[in-house]
Amino acid sequence: MACHKVGPDAMNGVGPVLNGVVGRAAGAYPDYSYSAANKNSGLTWDEPTLTTYLRAPRKLVPGTKMTFAGLNKDQEIADVIAYLKQFNAQGQKVDP
């Protein structure tokens with residue numbers, strides 16, 4: 001939570017807001033200064049792509065600004081994705 005925010009009052013910080021991130025194109029959240037690597041990755045943050053990214057961000061997107069090393073446990077990755085799926089693009093909680 002130090003780098004990314006979710007919810008109706010979320011604002012960009014060290015990382016972009018993650019409201020509605022599942023299904024969003026990489027490097028597309030407004031008013032955030034993404035790395036060229038992220039903007040030009042051509043990725044869409046679907047569940048399989050997020051799973052790969054959360055395991056090793058720099059491996060999937062070499063040159064990313066994200067300093068997070070990644071998660072090792074499948075359940076932790078699944079939990080993060082399930083949490084992110086709760087928030088629509090406006091930051092409102094939605095049914096899964």
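Above: the structure in question.
Draft legend 1. Broad picture of helix α4 (residues 74-85). Taking 1.5 Å per residue, 12 residues should reach 16 Å; α4 reaches 17 Å between its end C-alpha atoms and fits that length. What α4 keeps buried is the set Ile77, Ile81 and Leu84. The arc enclosing the buried residues of α4, seen along the axis, measures out at 60 degrees, which places them on a common side. Next to the buried residues of α4 lie α2 (47-55).

Draft legend 2. Spotlight on the environment of methionine 66. Take methionine 66: it is sitting in the loop between α3 (57-60) and α4. Placed 51 residues apart in sequence, methionine 66 and glycine 15 show a C-alpha to C-alpha distance of 7.6 Å. Among all residues touching methionine 66, those that are not within four sequence positions of it are His4, Tyr53, Pro57 and Arg58.

Draft legend 3. Inspection of the packing of α2 against α4 at higher detail. For the pair α2 and α4, interaxial distance at closest approach is 10 Å and the crossing angle is 125 degrees. Between α2 and α4, the angle is such that the two are oblique. Considering how the two elements wind past one another, α2 and α4 form a crossing that is right-handed. In this structure, α2 contributes Glu47, Leu50, Thr51, Leu54 and Arg55 to the contact, and α4 contributes Asp74, Ile77, Val80, Ile81 and Lys85. Within the contact of α2 with α4, the residues separate by chemical class into five nonpolar, one polar and four charged.

What counts, and where the lines are drawn
- Residues numbered from 1 in each chain as written.
- Predicted model: local features only at pLDDT ≥ 70, side-chain atom pairs only at ≥ 80, totals over all residues.
- Heavy atoms only, no water.
- Helix = DSSP H or I, 4+ residues; strand = E, 2+ residues; numbered from the N terminus.
- Expected span 1.5 Å × (residues − 1).
- Buried < 20%, exposed > 50% of the residue type's maximum accessible area, 1.4 Å probe, protein only.
- Arc of directions from axis to C-beta.
- Contact = heavy atoms within 4.5 Å.
- Axes fitted to C-alpha atoms, helices over the stretch in contact; angles between N-to-C directions.
- Parallel < 35°, antiparallel > 145°, perpendicular 65-115°, else oblique.
- Left-handed = near helix turned anticlockwise from the far one by under 90°.
- Nonpolar A, V, L, I, M, F, W, Y, C, P; charged D, E, K, R; others polar.

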